[in-house]
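Examining the three-dimensional arrangement
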Amino acid sequence: MSGSQAWPQRPAPAPAARGLRRFAAPRPPQQERCELCGVPVAEDNHRHLVDTEKRSLACACTPCAMLFEASGAAHGRFRTVPDRYLADPDHRLDDGAWELLQIPVGVAFFFRNAALDRLVALYPSPAGATESELDDSTWQAVLGDSPLAELLEPDVEALLLRRSNGRVECYLVPIDICYELVGRMRLLWQGFDGGAEARADLDAFFEHVGRRTRAPGEGNRP
């Protein structure tokens, strides 16, 4: 093309077209905000609260989360999710004990609902978190003798179990990471058994959990 020629100029888009283009363009990720005070929350300053009335999780900044660490704060409605990971490598479940749990997949988590005063058993599925009925006698037979069961904080912590290669791993973890796992499995699940991508993500998730765990004797409070 010679220097005397120029690219033909396109007419400026109409105002309506410019407006539609704004909605079609990729949006930057929204900044997480504390759901109590509204301040922006950085990833390394991100905590969660359990709303015991709505049975839901709320994002919180560290100062707000600290307000609800004390027992009975806000009349018990909000409880801060702790940040402890404990392992019980000596606890053994055989196939018969696992069958008592009536969990059709190899991963499940259990938490105590303080309002109902009972244990809730959940497992990830393509539809999200699915509940499995679990009575107290089954709970005692399968998990009652684990030291982690005595340390479990109602509503905010869970016992996370994984059955793999003939053994069952047992951890005490923050409740929010269990729901994170449910969301990841729901997003990645393919076919009957979850698919290779979901299995690889599950392995990476438990490797992360394993790196953070410590023995129960190394501080028993959140």
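Residues numbered from 1 in each chain as written. Predicted model: local features only at pLDDT ≥ 70, side-chain atom pairs only at ≥ 80, totals over all residues. Heavy atoms only, no water.

Summing up its helical and strand segments, the chain has seven helices and nine strands in all. Within the chain, buried positions represent 40% of all 222 residues. For the chain, the proportion of contacts with a sequence separation of at least 24, taken over those separated by at least 6, is 58%. Total accessible area on the chain is roughly 13500 Å²; 52% of this is exposed by carbon and sulfur atoms. (Helix = DSSP H or I, 4+ residues; strand = E, 2+ residues; numbered from the N terminus. Buried < 20%, exposed > 50% of the residue type's maximum accessible area, 1.4 Å probe, protein only. Contact = heavy atoms within 4.5 Å. Areas by Shrake-Rupley, 256 points an atom, 1.4 Å probe, with all protein chains shown as cover.)

With that out of the way, let us pick up the sheet that holds strand β1 (residues 47–51). With antiparallel pairing, the three strands of this open sheet are ordered in space as β2-β1-β3. Across the chains shown, the open sheet's two edge strands, defined by having one partner strand only, are β2 (56–60) and β3 (78–80). Neighbour to neighbour, the strand axes of the sheet diverge by 35° on average, direction disregarded. Sheet analysis places β1 next to β2, joined by five bridges and oriented antiparallel. What sits directly across from Arg47, in β2, is Ala60. (Pairing = 2+ DSSP bridges. Axes fitted to C-alpha atoms, helices over the stretch in contact; angles between N-to-C directions.)

Take Pro82: it is sitting in the loop between β3 and β4 (86–87). When the C-alpha atoms of Pro82 and Pro174 are compared, they prove to be 5.9 Å apart, with 92 residues separating the residues in sequence.

What follows is about the pattern of salt bridges. Using the criterion set out here, one finds 13 salt bridges in the structure. The closest approach of N and O atoms between Arg112 and Asp117, which form a salt bridge, is 3.9 Å. One salt bridge connects Arg184 with Asp201, and the closest N-O pair in it is separated by 2.9 Å. A residue pair is termed long-range when its members are at least 10 positions apart, and Arg184 in helix α6 (residues 175–188) and Asp201 in helix α7 (residues 195–212) qualify at 17 residues. (Salt bridge = Lys/Arg side-chain N within 4 Å of Asp/Glu carboxyl O.)

Further remarks concern the confidence of the model for the chain. Of the residues in the chain, 82% have a pLDDT of 70 or more, and the chain-wide mean is 79. Mean pLDDT across the secondary structure elements of the chain bottoms out at helix α1 (residues 15–24), with 46, and peaks at β4, with 94. (pLDDT = per-residue confidence, 0-100.)

With respect to the helices, strands and loops of the structure, Pro40 is situated in the loop between α1 and β1. Judged by relative accessible area, Pro40 falls into the partly exposed class, the value being 47%. It is 9.4 Å that separates the C-alpha atoms of Pro40 and Ala60, two residues lying 20 residues apart in sequence. When neighbours within four sequence positions are excluded, Pro40 is seen to be in contact with Gln31, Glu32 and Arg33.

Within helix α4 (residues 136–143), the full set of buried residues consists of Thr138, Trp139, Val142 and Leu143. Projection of α4 onto a plane perpendicular to its axis shows the buried side chains occupying an angular sector of 100°, all on one side. Across α4 from its buried face, at more than 90 degrees, point the exposed residues Ser137 and Ala141. Looking at the buried residues of α4, the elements they touch are α3 (95–100), β5 (107–113), β6 (118–125), α5 (147–151) and β8 (157–164). (Arc of directions from axis to C-beta.)

On to the packing of α6 against α7. Direction vectors running N to C along α6 and α7 enclose 165°, while the axes themselves pass 9 Å from each other. Viewed along their axes, α6 and α7 adopt a mutual orientation that is roughly antiparallel. Judged by the sense of rotation from one axis to the other, the crossing of α6 with α7 is right-handed. Here Ile177, Leu181, Arg184, Met185 and Leu188 of α6 come into contact with α7, specifically with Glu197, Ala198, Asp201, Leu202, Phe205, Phe206 and Val209. Here the residues of the contact of α6 with α7 are counted per class, giving nine nonpolar, no polar and three charged. (Parallel < 35°, antiparallel > 145°, perpendicular 65-115°, else oblique. Left-handed = near helix turned anticlockwise from the far one by under 90°. Nonpolar A, V, L, I, M, F, W, Y, C, P; charged D, E, K, R; others polar.)

Now for a negative patch on the surface. A contiguous patch of negative charge on the surface is contributed by Glu32, Glu35, Glu43 and Asp44. Secondary-structure assignment places Glu32 in the loop between α1 and β1. (Patch = residues over 30% accessible without salt bridge, like charges linked within 9 Å, V, L, I, M, F, W, Y side chains within 5 Å. Lys, Arg positive; Asp, Glu negative; His and termini not counted. Charge placed at Lys NZ, Arg CZ, Asp CG, Glu CD.)

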